[in-house]
Amino acid sequence: MRGAVFHYDKDHDYGYINGVDGKRYIFSRGDLIKDMPLARGMLVEFTPDDGTAHDIVAARTAAAPPSGSPQQHSRATENRSSKSMGLWAYFLRAVGDDYRNFTGRASRKEFWAFFLWFYVLFGALFGFGILLNLAISGFDDGPRTSIGYIPVLLFVLAAILPSIALVVRRLHDIGLTGWLVLLCYTPALGAVAFLVFGLLPSQFRENRWGSMPAGVTV
């Protein structure tokens, strides 16, 4: 597929390509067939795979079709490890392009990357709130306040929809209906269901919710 580079963050090693199909695909430098400079608007050709772009080459060098059929490229992409894609990139994709994506599949790596960064940011904002409350109250010299917890509250509210969508995609990845996400919000079973859904391996084949996520090793 042909597309244009929309953005690339060199420090965090992730970027987006706008495909000719109107969709946006995430990628990292490890998805390039060969090292090349990346600039906004640069025309490229790539292999799309469930919201990610792989086998990226500059459009001007892609006149000759690559060896093998597109299906072979897709299968190779499914079976290879995307170790170059960082955990932070998965988190950004979950809260960005996929924040209300209840279709498709999500691998275990994507699942745990999101919740790892969620709790890291939650802890940082919660600690900031405590310090802010202490500063406002004059470190016990003034009336107590809870205004410092507003940032962490807004963060949690903003993460609710992306987290539900991610759990639904994780359920799809293991071949289960997304409605089982309700178990994660059941007081008696929530923690156990969350752990089980996060640890079960991906189905090593295409199912009715899509192809196997990139980065899953058979």
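Residues numbered from 1 in each chain as written. Predicted model: local features only at pLDDT ≥ 70, side-chain atom pairs only at ≥ 80, totals over all residues. Heavy atoms only, no water.

The subject of this paragraph is the pairing of strand β5 (residues 52–58). Most of β5 is tucked away, with seven of its seven residues classed as buried. The pairing of strand β4 (residues 43–49) with β5 spans five bridges and is antiparallel. Bridge pairing in β5 places proline 48 opposite alanine 53. (Buried < 20%, exposed > 50% of the residue type's maximum accessible area, 1.4 Å probe, protein only. Helix = DSSP H or I, 4+ residues; strand = E, 2+ residues; numbered from the N terminus. Pairing = 2+ DSSP bridges.)

Another point: the packing of helix α2 (residues 87–95) against helix α3 (residues 108–136). Where α2 contacts α3, the two axes come as close as 8 Å, and the packing angle between them is 85 degrees. One element, α2, and the other, α3, form an angle in the roughly perpendicular class. Across the interface between the two elements, Leu87, Trp88, Tyr90, Phe91, Arg93, Ala94 and Val95 of α2 pack against Lys109, Glu110, Ala113, Phe114, Leu116, Trp117, Phe118 and Leu121 of α3. Tallied by class, the residues present in the contact of α2 with α3 amount to twelve nonpolar, no polar and three charged. (Axes fitted to C-alpha atoms, helices over the stretch in contact; angles between N-to-C directions. Parallel < 35°, antiparallel > 145°, perpendicular 65-115°, else oblique. Contact = heavy atoms within 4.5 Å. Nonpolar A, V, L, I, M, F, W, Y, C, P; charged D, E, K, R; others polar.)

Within the element layout of this structure, phenylalanine 204 appears in the segment after α5 (190–199). Residue classification places phenylalanine 204 among the partly exposed residues on the basis of a relative accessible area of 46%. In this structure the C-alpha to C-alpha distance between phenylalanine 204 and aspartate 173, which are 31 residues apart in sequence, comes to 9.2 Å.

A few words on α2. Restricting attention to buried positions, one finds in α2 the residues Ala89, Tyr90, Phe91, Leu92, Arg93 and Ala94. Next to the buried residues of α2 lie β2 (14–19), β3 (24–27), β5, α3 and α4 (150–173).

Another point: the packing of aromatic side chains. Where two aromatic rings form a pair, the distance of their centres and the angle of their planes describe that pair. Counting across every chain of the model gives 18 aromatic pairs. Ring geometry for phenylalanine 111 and phenylalanine 194: centres 5.2 Å apart, planes at 45 degrees, overall tilted. With phenylalanine 111 in helix α3 and phenylalanine 194 in helix α5, this residue pair connects regions lying 83 residues apart in the sequence. Residues phenylalanine 118 and phenylalanine 155 carry aromatic rings whose centres are separated by 5.3 Å and whose planes lie at 20 degrees to one another, so their mutual orientation is stacked. On the criterion of sequence distance, the pair formed by phenylalanine 118 in helix α3 and phenylalanine 155 in helix α4 is long-range, its members being 37 residues apart. Like phenylalanine 118, the residue phenylalanine 155 is buried in the burial classification. Seen from the ring of phenylalanine 6, arginine 24 lies directly overhead, with NZ or CZ sitting 3.8 Å from the centre. (Phe/Tyr/Trp six-rings, centres within 6.5 Å; stacked < 30°, edge-to-face > 60°. Lys NZ or Arg CZ within 6 Å of the ring centre and 35° of its normal.)

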